[in-house]
Amino acid sequence: MAAYLFRRIVEAAFILLGISLVTYVLLYLLPADPVRQIAGRSATQETIANIRQQLGLDLPFYEQYWRYLSSLVQGDLGRSYIQRSEVSELIAARLPASLLLMVAAIFAELVMGLTMGVVSSIRRNSATDQSLMVLSFVGVSAPQFVVGFLLLYVFAAQLGWFPIGGYGTFSHLVLPAMTLGFMGAGWYSRMMRSSMLNVLGQDFIRTARAKGLGKARIIFRHAVPNALLPIIAMIGIDIGIFMSGIVVVEAVFGWPGIGQLAWQAIQRVDIPIIMGVTLVAAFSIVMGNLLADIVALFVDPRIKLK
Amino acid sequence: MRKWLLTGVASAAMLGIAGTALAEVKQGGSMIVTYKDDVSTLDPAIGYDWQNWSMIKSLFDGLMDYKPGTTELVPDLAESFEISDDGLVYTFKLRKGVKFHNGREMTAKDIKYSLDRVANPKTQSPGAGFFGSIKGFDAASDGSAGGLSGVEVADDSTIRITLARPDATFLHVMALNFASVVPEEAVAEHGEDFGTNPVGTGAYKMTDWTRGQHVVFERNADYYHAGLPKLDKITFEVGQEPIVALLRLERGEVDIAGDGIPPAKFLATMKDPKFKDQIVEGKQLHTGYVTMNVKMKPFDDVRVRKAVAMAINKDRIVRIINGRAVTANQPLPPLMPGYDSKYSGQAYDIEGAVKLLTEAGLGDGFTTELYVANTDPQPRIAQAIQQDLAGIGIKAEIRSLAQSNVIAAGGEEDQAPMIWSGGMAWIADFPDPSNFYGPILGCGGAVQGGWNWSWYCNAELDERAKKADAMTDPSQADARIEEWKQIFTAIQEEAPWVPIFNEQRFTIRSSRLDGPEGIFVDPVHIPVHYDHVYDKGAQ
């Protein structure tokens, strides 16, 4: 187990190093010049040259990247070009909001997806099953900004049940979490449905029925736990999907998380923030997957370590 | 010797409010302003976007300012000033009893410190270049001198600024945010984080900044303009999509949608009787234009450039943006001194355009490229231009790129034959025609990485521009503006640009708020002159 964990952590470090290099190269190759974004349109050539030199952007690529890495291992993500604040501070101020949104979205997608999947499987081929599967198809395919604006318009602006965007209370959280979770709910309902159908057709369920167990007990005590196994592995992957989703959802709902920070930074070529958010996101994805693998190990003793 | 003394009467007039009205409007109440983007910085030496520009103006002050709602210069932290006969020495007498938000009294030393700080290369101020006419600027800006030798403290309430060359725009420069006064001890305390811990002398002081959520300003009770500001508190909520802000404004949760009315909702909002009294329209110092690179064939031929100018249907383009602009025929916008209302430029004339192309030997047309920023409505405008040009046989391929990439292409001598400036167009830093010349039409801007994307450089006009800016004697002010007017029409006769339109501003505000005319579309405090907004509920 310890050896397995160690190997996975070393792998994770290499993945992060690779991601930092690829992102840095891409940002370096951008035709847009961050110095001109900082200096503004009225700056003289001297001002531009001065800023370029102070930021070390006149150095060759490998030297810039080396400088970045050396600060990074000391936990220094640099200062934002535009906001002029420490990137670590900017991310730290916004990370709790994003994490809260993601946890809520995982909860929302599991509740919505699993319920839909279980109901569909027990009412197989009924009208309920078919309408739920259409809904899950919409969930998988509808762009998040459309879903977000739709929920916002209907439940906040028209019905007034929830605030129109913002952050702070539980009611602020509901709509963004539903929006972010809606796509996952679509996937989960389909997976849960087929997984349930698979389990329900197996011998031990027939045995349970033969023993005269109640329907509810068969489904919740025997079928659902077995059908859940493939789902757990997916939650780890979800974190990656959420990381891209929060960029859109946070913008729509004015949710003060790192997705919004990244989006603003991209528009302003604020390289230190783009790098910082990418690395934090990559780190969360790698950790999420690792965690999902470990959880699966405990949940299903049948999985053996190679 | 020119002298400007501020009397009590002039001071009231300066505030742009009749004496009686000033007494009648009570202080109190609050408002909520929303923005999409996080506030970047509130350091006046660094902040240079249209969102923080007027926020900084409410936190800080400089020697000069503008009469609210207008482009008229008035002294602010200066009580009066004198200009020497040669136009090189400005002596400012400071207002007494002005206090920073930290309670300390502001003196001439603070003015010197603040100007030295902007020029200091370590500050990385995007506005440093504006101070180039002050004596000793070169040595200060390359770090070889500790500060500006031309800025001297005569006594606690007198500051003397000596210029290296006469500069008729100097008083405007003293009204820029970059010339705002900051206390040295606060900058020393917060270092690079002064931008999130601003301390000024302004009408409001910042009391809270929660990243990604809001910035709160509260009334500075010690403010030296009696009776200002009107509100007790302003909350700037950030991270709000313009369309969401509009919905919230409709519900009364928001008072000013800082990013304005989103284009997709513009017509519906304008037609909605509910909003009739809540939308204020105003002019701004903006021109949207198409540049033609005079260093690239066939735009080196003035006949080709004029043909392009005559072939574009500007009225149709204004319709594309729902009438949020007026058509333009010269570089200067109508609000700018020096705008020539009698000039008609190259009027829309397809036949005339074809004739000019034929004369230039391009009767069969040619193929070129039109660069454009890829955010709506810019590509749609580029398509309209493309269709118009196709009408005279010019095949313009559209290069729709991220804004920063278009800016980068424009700064290269041989890359972008034509650029539609939408989204990146020039908005003046200060209301003087000079600001519309140097960086975008003068030889100084026609350099790699510059903003003169047409690469037009006319040495004779450059010389005339230099002379015009040396006309510092107040008696020459009108003659100077007249000279600038002629410079700009002379440029347009060579058509390096096709001026397309001047954008109008539309501010939407809740019916709870009011203020003197013009402050909701203030040409300098964009979008709103926060200090003068008042809460009807507090009356």
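Nothing here was measured: the structure is a model prediction, and the numbers come from that model. (Residues numbered from 1 in each chain as written. Chains lettered and ligands numbered in written order. Predicted model: local features only at pLDDT ≥ 70, side-chain atom pairs only at ≥ 80, totals over all residues.)

## Describing the overall build of chain B
The condition that has to hold: Each helix is a run of H or I in the DSSP string that is no shorter than four residues. Each strand is a run of E no shorter than two, and both are numbered from the N terminus. Based on C-alpha atoms, the radius of gyration is set beside the globule rule, defined as 2.2 Å times the residue count to the power 0.38. With C-beta atoms placed from the backbone, a residue is buried if 20 or more other C-beta atoms are within 10 Å of its own, exposed if 12 or fewer are, and partly exposed between those counts. In this description, a residue-residue contact is defined by the distance between C-beta atoms placed from the backbone, which must lie within 7 Å.
Counting its regular elements, chain B contains 17 helices and 22 strands. Its C-alpha atoms give chain B a radius of gyration of 24 Å, within 12% of the compact-globule value 24 Å for 539 residues. Principal-axis analysis of the C-alpha atoms gives chain B an extent of 70 × 55 × 40 Å. The burial tally for chain B puts 51% of its 539 residues in the buried class. A separation threshold of at least 6 residues defines the contact pool for chain B, and within that pool the share at least 24 residues apart is 69%.

## Side note on the overall build of chain A
A tally of helices and strands in chain A yields twelve helices and zero strands. Mapped from its N terminus to its C terminus, chain A presents α and β elements in the order α-α-α-α-α-α-α-α-α-α-α-α. Taken over the C-alpha atoms alone, chain A extends approximately 85 × 55 × 30 Å along its principal axes. Of all 306 residues assigned to chain A, the portion counted as buried reaches 37%. Residue pairs at least 24 apart in sequence account for 71% of intrachain contacts in chain A once pairs closer than 6 positions are excluded.

## Overview of the packing of helix H7 (residues 144-158) of chain A against helix H8 (residues 170-200) of chain A
Residue and element names in this part refer to chain A. The criterion, for reference: A fitted line through C-alpha atoms serves as each axis, taken over the contacting stretch for helices, and the angle formed by two N-to-C directions is quoted from 0 to 180°. Each crossing gets its handedness from the near helix: less than a right angle anticlockwise from the far helix is left-handed, clockwise is right-handed. Residue type decides the class: Asp, Glu, Lys and Arg count as charged, Ala, Val, Leu, Ile, Met, Phe, Trp, Tyr, Cys and Pro as nonpolar, and the leftover types, Gly among them, as polar.
Two elements in contact, H7 and H8, have axes separated by 9 Å at closest approach and are oriented at 145°. When you trace H7 past H8, the crossing you get is right-handed. Residue-level contacts link Gln-144, Val-147, Gly-148, Leu-151, Leu-152, Phe-155 and Ala-156 of H7 to Leu-175, Met-178, Thr-179, Phe-182 and Met-183 of H8. Looking at side-chain class alone, the contact of H7 with H8 contains nine nonpolar, three polar and no charged residues.

## Points about the nonpolar core
The line we're drawing: We call a set of buried Ala, Val, Leu, Ile, Met, Phe, Trp, Tyr and Cys residues a nonpolar core when their C-beta atoms link them within 7 Å. Just so you know, the domain bounds were taken from an automatic or database domain assignment.
If you look at the biggest cluster of nonpolar residues, it comprises 218 residues, and the most contacted ones within it are Val-277 of chain A together with Phe-131, Val-290, Ala-307, Val-308 and Ile-385 of chain B. Element by element, the count of residues in this core is highest for H8 of chain A, at 13 residues. Among the domains, domain 1 (2-73) and domain 2 (90-299) of chain A are the pair contributing at least three residues each to this core.

## Describing the domain arrangement of chain A
All names here are of chain A. Partitioning chain A into domains gives domain 1 (2-73) and domain 2 (90-299). Summarising the inter-unit geometry, the C-alpha centres of domain 1 and domain 2 are found 33 Å apart. On the domain 2 side, the residues contacting the 13 residues of domain 1 number eleven residues. Elements with a contribution of two residues or more to the side of domain 1 that touches domain 2: helix H1 (2-29) and helix H2 (34-39). Here the element with the most residues in the side of domain 1 that touches domain 2 is H1; it accounts for nine residues. Looking at the side of domain 1 that touches domain 2, its residues break down into nine nonpolar, three polar and one charged.

## Some remarks on the interface of chain A and chain B
At the interface, 40 residues of chain A touch 38 residues of chain B. Of all the elements in the fold, those that place two or more residues in the side of chain A that touches chain B are H2, helix H3 (45-54), helix H5 (87-122), H7, helix H10 (215-253) and helix H11 (258-267) of chain A.

## Details of the pairing of strand E8 (residues 158-162) of chain B
Residues and elements named next belong to chain B. Test applied: Note on pairing: DSSP must find at least two bridges between two strands before they are called paired.
With burial as the criterion, only one face of E8 is covered, namely that bearing Ile-159 and Ile-161; the residues Thr-158, Arg-160 and Thr-162 on the opposite face remain uncovered. In this structure, strand E6 (residues 89-94) lies alongside E8, joined through five bridges in antiparallel fashion. Among the inter-strand pairings, Val-89 is bridged to a residue of E8, identified as Thr-162. Summarising the sheet, strand E7 (residues 151-155) and E8 pair through four bridges and their orientation is antiparallel. Within the sheet, the bridge partner assigned to Asp-155 lies in E8 and is Thr-158. Where E7 hands over to E8, the hairpin turn is made up of two residues, counted between the paired strands.

## Quick notes on H1 of chain A
Applicable threshold: The span expected for a helix works out to 1.5 Å for each residue beyond the first.
In a regular helix each residue adds 1.5 Å, so 28 residues correspond to 40 Å; H1 of chain A covers 41 Å between its end C-alpha atoms and thus fits that length. Burial runs low along H1 of chain A: only zero of the 28 residues are buried.

## Observations regarding the sheet that holds strand E12 (residues 256-257) of chain B
Residues and elements named next belong to chain B. Overall, mixed pairing links the five strands, which are arranged E9-E10-E11-E2-E12 in an open sheet. Bordering the open sheet on either side are strand E9 (204-210) and E12, each of which pairs with just one other strand. This element, helix H3 (residues 50-59), spans E9, strand E10 (214-219) and strand E11 (233-237) of the sheet and lies at about 130° to E9.

## Some remarks on the pairing of strand E16 (residues 366-373) of chain B
Residue and element names in this part refer to chain B. Cut-off, in case you're wondering: Orient the strands so they point away from the viewer, and a crossover whose first-strand-to-second-strand path over the helix runs clockwise is right-handed.
The pairing of E16 with strand E17 (residues 394-401) spans eight bridges and is parallel. Bridging across to E17, Thr-368 finds its partner in Ala-396. Crossover E16 to E17 through helix H13 (residues 378-390) is right-handed. Where E16 meets strand E18 (residues 418-420), two bridges bridge the pair, whose relative direction is parallel. When the sheet's bridge partners are listed, Leu-370 is paired in E18 with Met-418.

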